[in-house]
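# Analysis of the macromolecular model
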Amino acid sequence: MQHIIVIGGGYAGLRAVEKLANTKSFTITLIDKNPYHYLQTDTYQFLSGRLNVCDITYDLESFCSAFSNVEFIRDTAIGIEKSKLVCQNDSYEFDKLIIATGAMDFIPSAFKPYSYAIKELNSAFKFKEKFLHKLFDEVANKKEATIVICGAGQSGVELAADLASVANECGYTTSSKKCDIKVVLIEAQKTILPHSKTYIVYEATKRLKKLGVSIFTSNPIEKIDENRIFLRNQELPYDLFIFTGGIKPSPFVESLDFEKNSHGYLKVNQHLQINDNIYAIGDCAYILNSKGEPLSPTAQIAEQSAEYVAKHISKQTKKPFNGRVYGTFTALGKNYAVGHILHKIYFKGSLAYYLKKAITFMYRFGIKLKLNSGYKNRKEISS
């Protein structure tokens, strides 16, 4: 039997495990440093207090227990020696290895003492605590607060909208019709949501302004201290700061001696391989489409790349990988979103919001089915 190791329990890793498990001649080991799968597409709702930690994390051991040929090992990958994965606690032989370690927040060194990392659950939880404390202080003691988000990509925009939305809802329920928590969104480029279509940028900007979010574009931060942010021609006081302006590969990927692009992501061939028996999928890989254009690091591409690699290892396909983004939806506070399908059909408002929620619900539902099956299997084995 072939032994396949998957490193990383994110979107790509779980989909690879699920698809590979259908081939009973494989034994699969999922390795991750954390015991949970982190639903990062809903991070903004966790940070704003709409969701709890149990709403955005799923137990990896239970997920793996749903399959007879899959095991989960909690360990931290360190390096690769021929056909052996070296981790902190042990080394593991493999026939095929799938690297699906995703990416982590890139925070400039000057910002690190003042920012939180939203891709790290512990750091995200600390931000959530601080925000809810500021919300409490505003309601109970009428203390003002300013929250600054640097980076107006999808993560930054969704977070700014939901923080402002929650603050506004809190203002309505306390009968003041106003909440003195101010949300500021800063972007170094000309517009928010850089590289998005004009319609998306326009509608998102309009919605953010309606929520009361202050937007500064073409305005990189030149300096920051524990109380103030210095822009080119302006100084902003702040109470909470978070940088959402970029991502970078994991330390494990950085340590590997394989070809990478200028940003440190693993270069893969048309079959998503970095050599004959090692694949890289999801956000840790530099993946091109059939036109030779780089694909954005999204959950869609992570799952598509995982499904493809499972088929390639199972010899179900020899065709090159050809991923594409079928659509994106950006949440903009309670019951509101903006998005598109294939850049041909555009949506905004509650319809877009519920389309986005439906996609998330289907993903959650699939995970929960595996978890329930895993719990049942483990209970039967232990009894």
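An account of the accompanying structure is given in this report. Worth saying up front: this structure is predicted, and the values here are computed from it rather than measured. (Residues numbered from 1 in each chain as written. Predicted model: local features only at pLDDT ≥ 70, side-chain atom pairs only at ≥ 80, totals over all residues. Heavy atoms only, no water.)

## Overview of the packing of aromatic side chains
The line we're drawing: Only the six-membered ring of Trp is used, alongside the rings of Phe and Tyr, when aromatic pairs are assigned; centres must lie within 6.5 Å, and planes under 30 degrees apart are stacked while those over 60 apart are edge-to-face, with the rest tilted. A run of H or I in DSSP becomes a helix once it reaches four residues, and a run of E becomes a strand once it reaches two; helices and strands are each numbered from the N terminus. Here the term buried applies to any residue with accessible area under 20% of the maximum for its type, exposed to any over 50%, and partly exposed to those in between, with areas from a 1.4 Å probe on protein chains only.
Overall, the coordinates contain 12 aromatic pairs when judged by the stated rule. Centre to centre, the rings of Y116 and F127 are 5.6 Å apart; their planes meet at 75°, and the pair counts as edge-to-face. Linking Y116 in the loop between β10 (103–105) and α5 (121–141) with F127 in helix α5, this pair joins segments that are 11 residues apart in sequence. No difference in accessibility class separates Y116 from F127, as the two residues are buried.

## What about the pattern of salt bridges?
Rules: In what follows, salt bridge is the name for a side-chain nitrogen of Lys or Arg lying within 4 Å of a carboxyl oxygen of Asp or Glu.
For the coordinates displayed, the defined rule picks out 15 salt bridges. Here E169 ties to R50 by a salt bridge, and the two come within 2.6 Å at their closest N and O atoms. One end of the pair, E169, is in helix α6 (residues 154–173); the other, R50, is in the loop between α2 (43–47) and α3 (53–56), with 119 residues separating them in the sequence. A residue is classified by how much of its surface remains accessible, and E169, at 23% relative accessible area, is partly exposed. A residue is classified by how much of its surface remains accessible, and R50, at 28% relative accessible area, is partly exposed. Across the salt bridge formed by E144 and K182, the nearest N and O atoms sit 3.7 Å from each other. Of this pair, E144 sits in the loop between α5 and β11 (145–150) while K182 is found in strand β12 (residues 181–186), placing the two residues 38 residues apart along the sequence.

## Examining the packing of helix α1 (residues 11–20) against helix α9 (residues 299–313)
Packed helix pairs are specified by the crossing angle of their axes together with the interaxial distance, meaning the distance between the axes. What counts is decided by this rule: Between the N-to-C directions of two axes lies an angle of 0 to 180 degrees, each axis being a line fitted to C-alpha atoms and, for a helix, fitted only over the stretch in contact. An angle below 35 degrees is treated as roughly parallel, one above 145 as roughly antiparallel, one from 65 to 115 as roughly perpendicular, and anything else as oblique. Note on convention: near helix rotated counterclockwise from far helix by under a right angle means a left-handed crossing. Clockwise means right-handed. Note on contacts: a residue pair qualifies if any of its non-hydrogen atoms lie within 4.5 Å across the two residues. Under the scheme applied here, ten amino acids are nonpolar (Ala, Val, Leu, Ile, Met, Phe, Trp, Tyr, Cys and Pro), four are charged (Asp, Glu, Lys and Arg), and all others, including Gly, are polar.
Contact geometry of α1 with α9 gives a least axis separation of 8 Å together with a crossing angle of 30°. Comparing their axes, α9 and α1 come out roughly parallel. Handedness of the crossing formed by α1 with α9: right-handed. Taken together, the residues of α9 that come into contact with α1 (itself represented by Y11, A12, R15, A16, K19 and L20) are A299, A302, E303, A306, E307, A310 and I313. Classifying every residue of the contact of α1 with α9 by side-chain character gives nine nonpolar, no polar and four charged.

## Things to note about the sheet that holds strand β1 (residues 2–7)
For the record, the criterion: For two strands to be treated as a pair, DSSP must find at least two bridges joining them.
An order of β5-β2-β1-β9-β21-β20 is seen for the six strands of this open sheet, with the pairing classed as mixed. What marks the edges here is a single partner per strand, and that holds for β5 (70–74) and β20 (273–275). Adjacent strand axes in the sheet meet at a mean angle of 20° when their direction is disregarded. The sheet contact formed by β1 and strand β2 (residues 26–32) spans six bridges and is parallel. Counterpart to V6 in the pairing with β2 is L30.

## Here we look at the pairing of strand β17 (residues 240–243)
Residues L240 and I242 line one face of β17 and the alternating positions F241 and F243 line the opposite face, and both faces are buried. Sheet analysis places β11 next to β17, joined by four bridges and oriented parallel. Bridge pairing links V148 to F241 in β17.

## Re the side chain of N261
The cut-off we apply is this: We call two N or O atoms a polar contact when they sit within 3.5 Å, provided that within protein one can donate a hydrogen and the other can accept it, with sequence-adjacent residues counted only if both atoms are side-chain atoms.
Structurally, the position occupied by N261 is in the loop between α8 (251–255) and β19 (266–267). A polar contact of 3.0 Å, which involves the side chain of N261, links it to the backbone nitrogen of H263. Not counting chain neighbours up to four residues away, the residues in contact with N261 comprise K267 and Y286.

## Digging into helix α7 (residues 198–211)
We apply this condition: What a helix is expected to span follows from its residue count: subtract one and scale by 1.5 Å.
With 14 residues, α7 extends 20 Å from end C-alpha to end C-alpha; this agrees with the ideal 20 Å at 1.5 Å per step. Of all the positions in α7, only I200, V201, E203, A204, R207, L208 and L211 are classed as buried. For α7, the elements touching its buried residues are α6, β12, β13 (214–216), β24 (337–341) and β25 (345–349). At the C-terminal side of α7, G212 shows a positive phi close to 95°.

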